[in-house]
Amino acid sequence: MKDLKQFLEGNQEEEDRACFDVADPPCKRFRHGHTEEGADDLNQNGVLSQIPLANDGNADVENSDVENSAVEVCNVCLGILQEFCEIDFVKKMCEKVNSSDFQFTSFVFSVSLPPQLSVREHAAWLLVKQEMGKLDLSLAKDDIVQLKEAYKWIIHPQLSEELGVPTDGKSLFEVSVVFAHPETDEECRFLATVCPDCFKPAKNKQSVFTRMAVIKALEKIKEEDFLKHFPCPPSSPKNLCVALEIQCNNGAVFVAGRYNKYSRNLPQTPWIIDGERKLESSVEELISEHLMAEFKADSFNFSSSGREDVDVRTLGNGRPFAIELVNPHRIHFTAEEMKGFQQTINNSSDKIQVRDLQLVTREAIGRMKEGEEEKTKTYSALIWTDKTIQKEHIAFLDDIKELKLDQKTPLRVLHRRPLALRCRIIHTMKSQYIDEHHFRLHLKTQAGTYIKEFVHGDFGRTKPNIGSLLNRTTDILELDVESVDIDWPPALEN
């Protein structure tokens, strides 16, 4: 870059002459007009109105000549490489980044360009290919540097220097610029006529002329059809591109741990029926509200290894869970700080407790779900019988091993799960006699087994069941999850 700069400075006189002799590319001395305010500032949402081009004091042409010039806006880049590579624009991006208060040590830069830039690049490529063909030279499309890549090459070092951090393609922190152009639909409309199957209305899209749809059409359209509808070289645009928005986003951060639930009146996730909340809180909310505040995240997604009903406790070493924190502003925390967050959660409620709270990777989340149905879980169920029982009536349950069940989707969850017949296994059972109508049953089962239905039979939808095995009517009064046998996330020292 330094050598190139010296070369350009040493040939400034030749460059000045070339600006007026060659129509493409346009000279950077051509400017689009001047206002006293100069470039508009970012508003609070990071939106930029069209940035007018500042006059160069050494320009050899009058303002009026510039405004009427046919080459004042490049007919290929639509002004992107003319006006949005300057340090003033880079500084505006940095102002947006710094005001957003994100924590980052590197960044990745992305840019969204108006779809018709791909059309104009395609037209320019066809023209150059034709001219080179006359010289018996070939030019593949891959030989052309895409405008998007050229823009990144120019912006990356400037943005890195201004922000004081390096660029990194794997960085979680992304700075992006969204450009738009008012003539997009007008210039792309011919593609929809020639390749209608490439353009289909999509949700949340204001126009069918998305960048991917346009690229798909350009790959499909024949050269002769393209040349019939679009000029080569492209005609001069009426307007400069507009920088619509500068955006900052941090990639999601993942926190995992295990939770115990001690309440029989607490759902795992918010319990809302027909838009009405049934209970004031949930396990998910009690854990996430503190993490959301510490990480300054926009939102979260909660997942776990299975779930318990609102009236079921989770004891033992707890149930594994993970929380995806979306667009967090704070991402760097030590193990000690994570311990502090865990303690804050545990002090906030006597209904839950959290352990082994730690930062994990997205890939690690998959291990929580891997082979979930092959994992085992242990339960403790308090059971009632209509007929009186003695110890000898339930003793045989202890000898049953690997009992196979056929379970139709329970009636109580049919509103949210499809009707299906699932085969599940009760690995072991151990009974504990209480009195003539009550006993406790400890079960080790395949994950995904419906324990309540195994006890009362669900009107014959689970076969066999405790009622059919005892030849009595049975029901479940209390259920506890005693262990979820998944060795994840790694246990931490207290």
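From a predicted model like this one, the values you see are computed outputs, not experimental measurements. (Residues numbered from 1 in each chain as written. Predicted model: local features only at pLDDT ≥ 70, side-chain atom pairs only at ≥ 80, totals over all residues. Heavy atoms only, no water.)

### As for the overall build of the protein
Secondary structure assignment for the protein yields 16 helices and 15 strands. Considering the protein as a whole, with its 494 residues, one finds that 44% of them fall into the buried category. Carbon and sulfur atoms provide 50% of the accessible area of the protein, an area that totals close to 26,400 Å². (Helix = DSSP H or I, 4+ residues; strand = E, 2+ residues; numbered from the N terminus. Buried < 20%, exposed > 50% of the residue type's maximum accessible area, 1.4 Å probe, protein only. Areas by Shrake-Rupley, 256 points an atom, 1.4 Å probe, with all protein chains shown as cover.)

### Describing the sheet that holds strand 1 (residues 108-112)
As summarised here, the arrangement of the 3 strands in space is 1-2-3, forming an open sheet in which the pairing is mixed. Taken across any chain shown, the strands that pair with only one partner, and hence form the sheet edges, are strand 1 and strand 3 (242-250). Adjacent strand axes in the sheet meet at a mean angle of 15 degrees, parallel and antiparallel pairs treated alike. Pairing analysis gives 8 bridges linking strand 2 (residues 173-180) to strand 3, with the strands arranged antiparallel. Bridge pairing in strand 3 places A180 opposite V242. Strands strand 1, strand 2 and strand 3 of the sheet are contacted by helix 5 (residues 87-99), whose axis makes an angle of about 40 degrees with strand 3. (Pairing = 2+ DSSP bridges. Axes fitted to C-alpha atoms, helices over the stretch in contact; angles between N-to-C directions. Contact = heavy atoms within 4.5 Å.)

### A closer look at the side chain of N260
The topology assignment puts N260 in strand 4 (residues 253-261). Leave out the neighbours within four places in its chain, and N260 touches T314, L315, G316, N317, G318, K351, I352 and Q353.

### Comments concerning the pattern of salt bridges
A full pass over the atoms with the stated rule returns 19 salt bridges. The partner of E131 in a salt bridge is K134, and the shortest N-O contact between them spans 3.2 Å. In this pair, E131 and K134 both sit in helix 6 (residues 116-134), 3 residues apart, roughly one turn of the helix. Note on K134: relative accessible area 62%, which makes it exposed. A salt bridge links D311 to K452; the nearest nitrogen and oxygen atoms lie 2.9 Å apart. (Salt bridge = Lys/Arg side-chain N within 4 Å of Asp/Glu carboxyl O.)

### Regarding helix 13 (residues 362-369)
For helix 13, the set of buried residues is A364, I365 and M368. Burial along helix 13 is one-sided: seen end-on, the buried residues are contained in an arc of 110 degrees. Check the buried side of helix 13 and you find it contacts strand 4, strand 7 (299-304), strand 8 (313-326) and strand 9 (352-360). (Arc of directions from axis to C-beta.)

### Considering the environment of K377
For K377, the position within the fold is in strand 10 (residues 376-385). In this structure the C-alpha to C-alpha distance between K377 and T445, which are 68 residues apart in sequence, comes to 5.5 Å. When sequence neighbours within four positions are dropped, the list of residues in contact with K377 reads S305, G306, R319, L443, K444, T445, A447, S483, V484 and D485. Within the structure, the side chain of K377 is placed 3.4 Å from the backbone oxygen of S305, a separation counted as a polar contact. (Polar contact = N/O pair within 3.5 Å; in protein donor to acceptor, adjacent residues only side chain to side chain.)

### Remarks on the packing of aromatic side chains
For any two aromatic rings, the description comes down to two numbers: the centre-to-centre distance and the angle of the planes. Applying the stated criterion to the full structure yields 16 aromatic pairs. Summarising the aromatic geometry, the rings of F84 and F89 are spaced 5.1 Å apart at their centres and angled 80 degrees between planes, so their arrangement reads as edge-to-face. By the burial criterion, F84 is buried, and F89 matches it. (Phe/Tyr/Trp six-rings, centres within 6.5 Å; stacked < 30°, edge-to-face > 60°.)

### A short note on the packing of helix 5 against helix 7 (residues 147-163)
Close contact between helix 5 and helix 7 brings their axes to 10 Å; oriented N to C, the two are set at 55 degrees. The angle between helix 5 and helix 7 falls in the class oblique. Crossing of helix 5 over helix 7 shows right-handed handedness. For the pair helix 5 and helix 7, contact is made by I87, F89, V90, K91, M93, C94, V97 and N98 and by Y151, I155, Q158, L159, E162 and L163, respectively. Classifying every residue of the contact of helix 5 with helix 7 gives 10 nonpolar, 2 polar and 2 charged. (Parallel < 35°, antiparallel > 145°, perpendicular 65-115°, else oblique. Left-handed = near helix turned anticlockwise from the far one by under 90°. Nonpolar A, V, L, I, M, F, W, Y, C, P; charged D, E, K, R; others polar.)

### Considering the nonpolar core
Among the nonpolar cores identified, the biggest contains 36 residues, and I80, F84, M93, F109, Y151, L159 and F179 are the most heavily contacted of them. Contributing elements (two or more residues each) for this core: helix 5, strand 1, helix 6, helix 7, strand 2 and strand 3. When near neighbours in sequence (up to four residues on either side) are disregarded, F179 contacts I80, F84, F89, V111, S112, L113, P114, Y151, V242, A243 and L244. Ranked by size, the runner-up nonpolar core spans 34 residues in total, among them I365, I400, F454 and I476. (Core = buried A, V, L, I, M, F, W, Y, C linked by side-chain atoms within 4.5 Å.)

### Here we look at the confidence of the model for the protein
Keep in mind that low pLDDT regions are not for reading the predicted coordinates in detail. Mean pLDDT over the protein: 86, with 85% of residues reaching 70 or higher. Counting interchain partners and residues more than four positions distant, the pLDDT-below-50 stretch residues 1-5 has 0 contacts. Within the model, the stretch residues 7-71 combines pLDDT values under 50 with 88 contacts to residues more than four positions away or in other chains. (pLDDT = per-residue confidence, 0-100.)

### Brief notes about the packing of helix 11 (residues 283-295) against helix 12 (residues 335-348)
Close contact between helix 11 and helix 12 brings their axes to 9 Å; oriented N to C, the two are set at 140 degrees. Relative to helix 12, the element helix 11 lies oblique. Here the hand of the crossing between helix 11 and helix 12 comes out right-handed. In this structure, helix 11 contributes L286, I287, H290, L291, E294 and F295 to the contact, and helix 12 contributes M338, F341, T344, I345 and S348.

### Side note on unusual backbone geometry
Of note, the bond from C232 into P233 is cis; its omega dihedral lies within 30 degrees of zero at 5 degrees. Considering the arrangement of structural elements, one finds P233 in the loop between helix 10 (223-229) and strand 3. With omega at -10 degrees, the peptide bond leading from W488 into P489 counts as cis. Its location among the elements puts P489 in the segment after strand 15 (474-484). Here the phi dihedral of D274 falls at roughly 55 degrees; this positive angle occurs in a residue that is not glycine. On the secondary structure map, D274 appears in the loop between strand 5 (272-273) and strand 6 (276-277). According to the relative accessible area criterion, D274 is exposed, its value standing at 81%. The phi torsion at K296 lies on the positive side, around 50 degrees, for a residue other than glycine. Note on placement: K296 falls in the loop between helix 11 and strand 7. For K296, a relative accessible area of 41% gives the class partly exposed.

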